[in-house]
Amino acid sequence: MTGAALIGVLDYAAVAIFALTGALAASRSQLDIVGFIFVAALTATGGGTLRDIILDRVPLWVSDPAILAVATVAAVVVFLFAHRLESRYRALEWLDAVALAIAVAAGVGVALAAGMGWPVVLVMGMVTGCMGGLMRDVVCNEVPLVLKQGELYVTCAFAGALVAVGLLALGAAGWIALTACAGVTLVLRAGSLALG
Amino acid sequence: MTGAALIGVLDYAAVAIFALTGALAASRSQLDIVGFIFVAALTATGGGTLRDIILDRVPLWVSDPAILAVATVAAVVVFLFAHRLESRYRALEWLDAVALAIAVAAGVGVALAAGMGWPVVLVMGMVTGCMGGLMRDVVCNEVPLVLKQGELYVTCAFAGALVAVGLLALGAAGWIALTACAGVTLVLRAGSLALG
Amino acid sequence: MTGAALIGVLDYAAVAIFALTGALAASRSQLDIVGFIFVAALTATGGGTLRDIILDRVPLWVSDPAILAVATVAAVVVFLFAHRLESRYRALEWLDAVALAIAVAAGVGVALAAGMGWPVVLVMGMVTGCMGGLMRDVVCNEVPLVLKQGELYVTCAFAGALVAVGLLALGAAGWIALTACAGVTLVLRAGSLALG
């Protein structure tokens, strides 16, 4: 598997995981199947769409609608098996940490490709990683998880993006910076989950 | 009356009806007159504005501010007569079904005119029909009606847009597909209201 | 100090004040330091960003990231001294009236520079002044202050923008219209605070 193919697989994986968390929130709000798909797609694509609108790009799911299919399948799976997934919510949180790491690195990469300066790169990493989950919780009228004290959700995204910006300033190659970004985000978020 | 003129009248009618539902939500939240106008305009234009931002178009009310006037008049009417309209909330729900049908067809039509593929056309029909109401309920801190179980609100929008996409795939003319889209959305939503 | 420099200072002052109100909301929601910065930046830039997205412009903070630094500093100050600032909430409300006046005038000025007609100019004044605060309260799950009855928040923004539009229609110079806009917004909001 080439590097580009690997990145594609990771992107779809992040979409699927975010969609699962969205569908679980829809389950808690007792929505119907289309509501599941709606919140799942919003969670999976919300952060990247906001990033693309601000940077005046075409949102990814407009040019690659397969992303919508992935989110829909994830929503249907939760609709059919929500009672089993809820007891595995803890497992899902760990998967969500992986998705967060991928999304932050994707946001940083897109902002860099658009020629943005480091403050905007930082913000775009956080926006891509966190705004989908924020929209999910606002729509479902829950207290936003990404802002809750003790979760350190946005903090992990910020730290990961900061590492990428720092490494680039030191002359590191792009792929090293993005890999380190994802790694730091993942380790910090996992640590936050492990330590409670 | 020509077809284009009829469509124009229907568009303004949908704006006015969505604005009425927004102003009634403002009434429940005990806002002042400018708050009424604010929520009414947000409800009436929110879905179409989001669609246009994603498709990188100028929002309709920027090029045709008469839409803002229609929403404002609707808000003032509710401000003056809210006590009478609330007892007619049931009647308003039926009007809202008509507005939803028009908005979904409008969203599908705009996405088709922009050359989008069918998954994006589907999403734009749902976004145009449902996001204004979602913004209304998020701003007024109510549980979003469009996502409530049993309302089937998004489901009706989805089904209507799906019919349009299906007919187009079968080679139907654009106006037939859009009329069928509005018709199916209206009938399903009316059925959902009638059956409770 | 030249006029342009004065306007620059006023813009940064408005960003800092809005960021302070955002950070105080984060304090009430018991977020962590990054949550403080997040809500502060959202409050400070949300209205202008929405305006720029609708008008298809690059948001100000993308081309001038110093705005993010100002919001961050304001958030850190509140994080360190929130207990003292809360007892001075009343003083902050008066500062917020100043920020509102600046932001409404800025929104009106940007819409005029983009060649918009008066209805869109009115809306952009209100959007720039009020949507940041609305996003703050939606994200922190509070009842939106800008829509609360008796606050007249949106009303003050509307009146200020209306005065600018009226003066321009009467042939006044741009800087007179914008100064009057800010003055009227400030006086009305201050009156609303003093009387109620």
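Provided above is the structure to which this section pertains.
Figured I'd write up the structure that's included with this text. Please read all numbers here as calculations on a predicted model, not as lab measurements.

**Quick look at the nonpolar core**
Okay, step 1: With 194 residues, the main nonpolar core has A:Leu147, B:Trp61, B:Leu147, C:Trp61 and C:Leu147 as its most contacted residues.
Okay, step 2: Once residues lying within four places of it in the same chain are set aside, the contact partners of A:Leu147 are A:Leu134, A:Val154, C:Leu31, C:Gly35, C:Phe38, C:Val39 and C:Val139.

**Considering the packing of helix H5 (residues 89–113) of chain C against helix H8 (residues 174–195) of chain C**
All names here are of chain C.
Okay, step 1: At a minimum axis separation of 8 Å, H5 and H8 run at an interaxial angle of 150 degrees. Taken together, the axes of H5 and H8 are roughly antiparallel relative to one another. Judged by the sense of rotation from one axis to the other, the crossing of H5 with H8 is right-handed. Along the contact surface, H5 presents Arg90, Glu93, Trp94, Ala97, Val98, Leu100, Ala101, Val104, Ala105, Val108 and Gly109, while H8 presents Leu178, Cys181, Ala182, Thr185, Leu186, Arg189, Ala190, Leu193 and Ala194.
Okay, step 2: Considering only residue class, the contact of H5 with H8 consists of 15 nonpolar, two polar and three charged.

**Let's talk about the relation of the copies chain B and chain C**
Okay, step 1: Between the two copies, chain B and chain C, the superposition gives an RMSD of 0.1 Å; the rotation angle is 120 degrees and the shift along the axis is 0.0 Å. Look at the turn and shift together and you get a three-fold axis relating the two.

**As for the interface of chain B and chain C**
Okay, step 1: Taken together, the 18 residues of chain B in the interface contact 22 residues of chain C.
Okay, step 2: Overall, the association of chain B and chain C removes approximately 1,700 Å² of surface from exposure, summing both partners, and the carbon and sulfur fraction of that is 76%.
Okay, step 3: Summed over the three residues of chain B that lose the most area to chain C, namely B:Asp32, B:Val34 and B:Phe38, the buried surface amounts to 30% of that side.
Okay, step 4: For the pair chain B and chain C, the interface holds zero salt bridges.
Okay, step 5: Contributions of two or more residues to the side of chain B that touches chain C are made by helix H2 (33–54), helix H3 (60–63) and helix H6 (118–139) of chain B.
Okay, step 6: No other element matches the six residues that H2(B) contributes to the side of chain B that touches chain C.
Okay, step 7: A per-class count over the side of chain B that touches chain C returns twelve nonpolar, four polar and two charged.

**Structural notes on the interface of chain A and chain B**
Okay, step 1: With 18 residues of chain A at the interface, the matching set in chain B holds 23 residues.
Okay, step 2: Each partner contributes to the roughly 1,700 Å² buried at the junction of chain A and chain B, and carbon and sulfur atoms together form 76% of this total.
Okay, step 3: Per-residue buried area on chain A facing chain B is highest for A:Asp32, A:Val34 and A:Phe38; these three make up 30% of the total on that side.
Okay, step 4: Counting across the chain A and chain B interface gives zero salt bridges.
Okay, step 5: The interface formed by chain A and chain B contains zero residue pairs in polar contact (both at pLDDT 80 or more).
Okay, step 6: For the side of chain A that touches chain B, the secondary-structure elements that each account for two or more residues are helix H2 (33–54), helix H3 (60–63) and helix H6 (118–139) of chain A.
Okay, step 7: The greatest single-element share of the side of chain A that touches chain B, amounting to six residues, is contributed by H2(A).
Okay, step 8: Taken together, the residues of the side of chain A that touches chain B break down into twelve nonpolar, four polar and two charged.

**What to know about the side chain of B:Thr49**
Okay, step 1: Its location among the elements puts B:Thr49 in helix H2.
Okay, step 2: Here B:Trp61 takes part through its side chain, which lies 2.9 Å from a polar atom of the side chain of B:Thr49.
Okay, step 3: In this structure, B:Thr49 is in contact with B:Pro59, B:Trp61 and C:Ile54, ignoring residues within four places of it in sequence.

**Things to note about the packing of aromatic side chains**
All names here are of chain B.
Okay, step 1: In total, this model carries three aromatic pairs over all chains according to the counting rule given.
Okay, step 2: Note on Phe36 and Phe79: the rings are 5.0 Å apart at their centroids and 90 degrees apart in plane angle, and the pair reads as edge-to-face. Here Phe79 lies in helix H4 (residues 66–86) and Phe36 lies in helix H2, a separation of 43 residues in the sequence.

**Section: H6(B)**
Residue and element names in this part refer to chain B.
Okay, step 1: End to end, H6 covers 31 Å across 22 residues, agreeing with the expected 32 Å (1.5 Å per residue, within 8%).
Okay, step 2: A maximum bend of about 40 degrees is found in H6 at Cys130.
Okay, step 3: For H6, the tally of buried residues reaches 19 of 22 residues, placing the bulk of the element in the interior.
Okay, step 4: Of the residues one or two after H6, Asn141 is the one with positive phi, at around 60 degrees.

The rules behind these values
Residues numbered from 1 in each chain as written. Chains lettered and ligands numbered in written order. Predicted model: local features only at pLDDT ≥ 70, side-chain atom pairs only at ≥ 80, totals over all residues. Heavy atoms only, no water. Core = buried A, V, L, I, M, F, W, Y, C linked by side-chain atoms within 4.5 Å. Buried < 20%, exposed > 50% of the residue type's maximum accessible area, 1.4 Å probe, protein only. Contact = heavy atoms within 4.5 Å. Axes fitted to C-alpha atoms, helices over the stretch in contact; angles between N-to-C directions. Helix = DSSP H or I, 4+ residues; strand = E, 2+ residues; numbered from the N terminus. Parallel < 35°, antiparallel > 145°, perpendicular 65-115°, else oblique. Left-handed = near helix turned anticlockwise from the far one by under 90°. Nonpolar A, V, L, I, M, F, W, Y, C, P; charged D, E, K, R; others polar. Least-squares fit on C-alpha atoms with pLDDT ≥ 70 in both. Buried area = accessible area lost by both parts, 1.4 Å probe. Salt bridge = Lys/Arg side-chain N within 4 Å of Asp/Glu carboxyl O. Polar contact = N/O pair within 3.5 Å; in protein donor to acceptor, adjacent residues only side chain to side chain. Phe/Tyr/Trp six-rings, centres within 6.5 Å; stacked < 30°, edge-to-face > 60°. Expected span 1.5 Å × (residues − 1). Bend = angle between axes of the 7 residues up to and from the residue.

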